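Observations on the model geometry
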Amino acid sequence: MNAHGQETGQAAGQAMAPGRGSSAAQANGHAVGHRGGPGAGRGAGSSDPARVVDALYRVNNFLAQVNDLHALLEAIMNESKAVVEAEASSCLLYDEATNELYFEVALGEKGDQVKEIRLPMGTGIAGQCAQERRTLVIHDVSQDPRHFKQADEKSQFQTRNLLATPMVRSDKLIGVLEVLNKTGQRDFTDDDVQIIEFFAGQAAIAIENALLIQSNLRAERLAAVGQAVAGISHYAKNILMGIKGSASLIDMALPKNDMNMIRQAWPVLQRNNNKISSLVQDMLTYSKEREPDLAPGNLNTVIEEAVELYRESATKVNVVLVCEADPAMPDSAFDVSHITDAITNLIGNSIDASADKPGATVRVSTVYQPDKKMMQAIVADNGSGIPPEIQKKIFEPFFSTKGGKGTGLGLAITRKIVREHGGSIELHSVVGEGTTFTITLPARPPEDANL
Ligand SMILES: Nc1ncnc2c1ncn2[C@@H]1O[C@H](COP(=O)(O)OP(=O)(O)O)[C@@H](O)[C@H]1O
Ligand SMILES: [Mg+2]
C-alpha cells in the first residue's frame, strides 16, 4: 500500500453502527470531526445523530426511483455526495459478463466521455475496491499509483482525495460507489466511511431492483414489438392484396382494350397505394423526434376543414358530422398540418366507432380558455365507447381492435403531436354511450410562429 493511501479494514456493505469508534482514519492520525465549510457546526464523531438522520432521509430520496435506473443512479450520486459533503461522486456498475466496471451515468459536461470508460476488475482504486470488496480511503490521490487517471482527464476533474466503497447485495457485487474531494479542503473521516457504507448497502438493494425492473421491461417490450410486427404485417397484407388484385384486373383489361374494367380497377389501385404510403408516413412520424413547425393559424379553421374532409365518408356510414367552433377563438401559432392530422385521426376513429348506429353523431368543437391561454379541440361521438381495460392501451403504437383495418398508429401519433406542442390529450368514454377526446393546447400568439 502506498504511504499516502490508507485503507479501512471495515467490511463493505455492513449497516452503519452509530457509535462505532475503531477507526483506521483515527489510528492513522487523521483529524476526525474537523469541520469547516458547509455543514460546519453540526457536530462530529461517528455517533452524530444529525448525520445519521440525514443519511436515512437521503436514502428515502433515492428509494422512490427504482422504476428508472438512470434517475436512481443520479439520485444515489447526488445524495451520497451530499451526505459526506463531497464535491463529486461516481457510481460504477459491475458487468458480470466482462468482469468490468462501467459508468452507466456520468454527470457533468464531459459525462459522455467518462461513460466510455470501462475498468477491468482489479484495475484502479475502484477496481481494487470491487475485487477485494472493501472500502478504500485515499487521502492523497496524486500520490497513489493505483489512481485511474483517465476518468479525471476525461471529466477534467481534479481528484484530491476519495472514498470508494463496494455495493454488494446478498454476496453479489453490484458496483462501486465513490465520493471525491471532501469539501473545504478537508479529508474523509471514519465517520464518512461508516455513512457511505450504509449508503452503499441501501443503494445496492435499490439498483438491484431497478436492474430487475429494467430487464422485465425489456422482455415486455420485445413481446410488444412482436405483436406490432404481426399487426402491421396483417394490415399491409390486406393493402397489398388490393394492389395485386386491381393490377391483375388491369393486366387482363389492357390486351382487350377494356376501358371499363380499367376504370373500375384504377381507383382501387390508387386507394391502396395511398394507404400504403400513409402507413409508411405514419411509421416515420411516430419514430422521428420532431419540433413542431409553428405557423399562424386558427384552430377553428382546422376543425372546419377536417370535418369537410370527412363529410362524405361519414354520410356513407350514416354518421352525422357536426362542427361547433368557438367564435372567440383567436389566431395562434401551431403546426397546422400536424394538428390537422391529430384531429382527423380522432374524427376517423369516432366515425369507425359509431358507423351505422341509429342516431350516430360525431361532434367536433373548439373552446378557447382566455384565462389559461389554452385552446381545446373536442371530438365526441355516441358510438361504442371504450372499455376501461382497453382505454389503458389505446395510445400504444400498433394497438388496434380493428384487425386488418387499423394500424393502431393514429392515437399514438396524435398524442405525440399534442405533446410536441406542449399540450395534453384526455379521454372520457362510457361503453354503450360514446367517447370524447379533448386536446388541450397552449394558445401561443401568432408572432411565435417560426419564420
Ligand atoms: N372514438 C372511439 N371509440 C371507440 N374506440 C376507439 C375510439 N378511438 C379509438 N378507439 C380504440 O382505440 C384503438 C386505437 O386507435 P388508433 O390508434 O387510432 O388505431 P386504429 O384506428 O388504427 O385502430 C382503436 O382500434 C379502437 O379500439
Ligand atoms: Mg385510428
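These numbers come from a predicted model, not from an experiment. Here the residue numbers are simple positions, counted from 1 along each chain's written sequence. The lettering of chains begins at A and the numbering of ligands begins at 1, in the order of writing. Reporting of local features is limited, given that this is a predicted model, to residues whose pLDDT is at least 70; pairs of side-chain atoms are given and counted only at 80 or more, and all residues count toward the totals for whole chains, interfaces and linings. Side-chain metrics in this entry use all non-hydrogen atoms of the structure; hydrogen atoms and water are not considered.

Locating R290 in the fold gives a position in the loop between α8 (259-287) and β8 (295-297). Any pair of residues with heavy atoms lying within 4.5 Å of one another is described as a contacting pair. Not counting chain neighbours up to four residues away, the residues in contact with R290 comprise T285, H338, K416, I417 and E420. Pairing of N or O atoms within 3.5 Å defines a polar contact, subject to two protein rules: one partner must be a possible hydrogen donor and the other a possible acceptor, and residues neighboring in sequence count only if both atoms are side-chain atoms. At 2.9 Å, the side chain of R290 forms a polar contact with the side chain of H338. Side chain to side chain, R290 and E420 meet in a polar contact 3.2 Å long. Numbering goes from the N terminus for both helices and strands, where a helix is a DSSP run of H or I of at least four residues and a strand is a run of E of at least two.

A word on helix α5 (residues 124-132). Think of it in three bands: with a 1.4 Å probe and only protein chains considered, a residue is buried below 20% of the maximum accessible area for its type, exposed above 50%, and partly exposed in between. Of all the nine residues making up α5, seven are buried; the element is thus mostly covered by neighbouring parts of the structure. For α5, the set of buried residues is G124, I125, A126, G127, Q128, C129 and A130. Of the residues trailing α5, R133 is marked for its positive phi of about 50°.

Looking now at the site of ligand 1. Proximity is defined per residue: if any heavy atom of the residue lies within 4 Å of a molecule or strand, that residue is considered near it. Near ligand 1, the surroundings consist of 20 residues, among which S400, T401, K402, G408 and L411 are the closest. Between ligand 1 and T401 there is a distance of 2.5 Å, counted from an oxygen atom to a side-chain nitrogen or oxygen. Within the backbone of G408, one N or O atom sits 2.8 Å away from an oxygen atom of ligand 1. Accessible surface area values rest on a Shrake-Rupley calculation with a 1.4 Å probe, where residue burial reflects the displayed protein chains alone. The fraction of the free accessible surface of ligand 1 (530 Å²) that becomes covered by protein chains is 94%. Its atoms largely coinciding with the cavity grid, ligand 1 occupies the largest pocket. Those elements that place two or more of their residues in the shell around ligand 1 are α10 (336-354), α12 (410-420) and β14 (434-442). In terms of residue count, α10 provides more of the shell around ligand 1 than any other element does, three residues in total. Residue composition of the shell around ligand 1, by class: seven nonpolar, 11 polar and two charged. Cavities and pockets are found on a 1 Å grid laid over the protein atoms alone: a cavity is a set of points where a 1.4 Å probe fits but cannot escape, a pocket is an open set with protein on both sides within 12 Å along at least five of seven lines, and a lining residue has an atom within 4 Å of such a point. Assignment to a cavity or pocket requires that more than half of a molecule's atoms be within 2 Å of the site's grid points. Under the grouping applied here, Gly and all other residues not named as nonpolar or charged are polar, the nonpolar ones being Ala, Val, Leu, Ile, Met, Phe, Trp, Tyr, Cys and Pro and the charged ones Asp, Glu, Lys and Arg.

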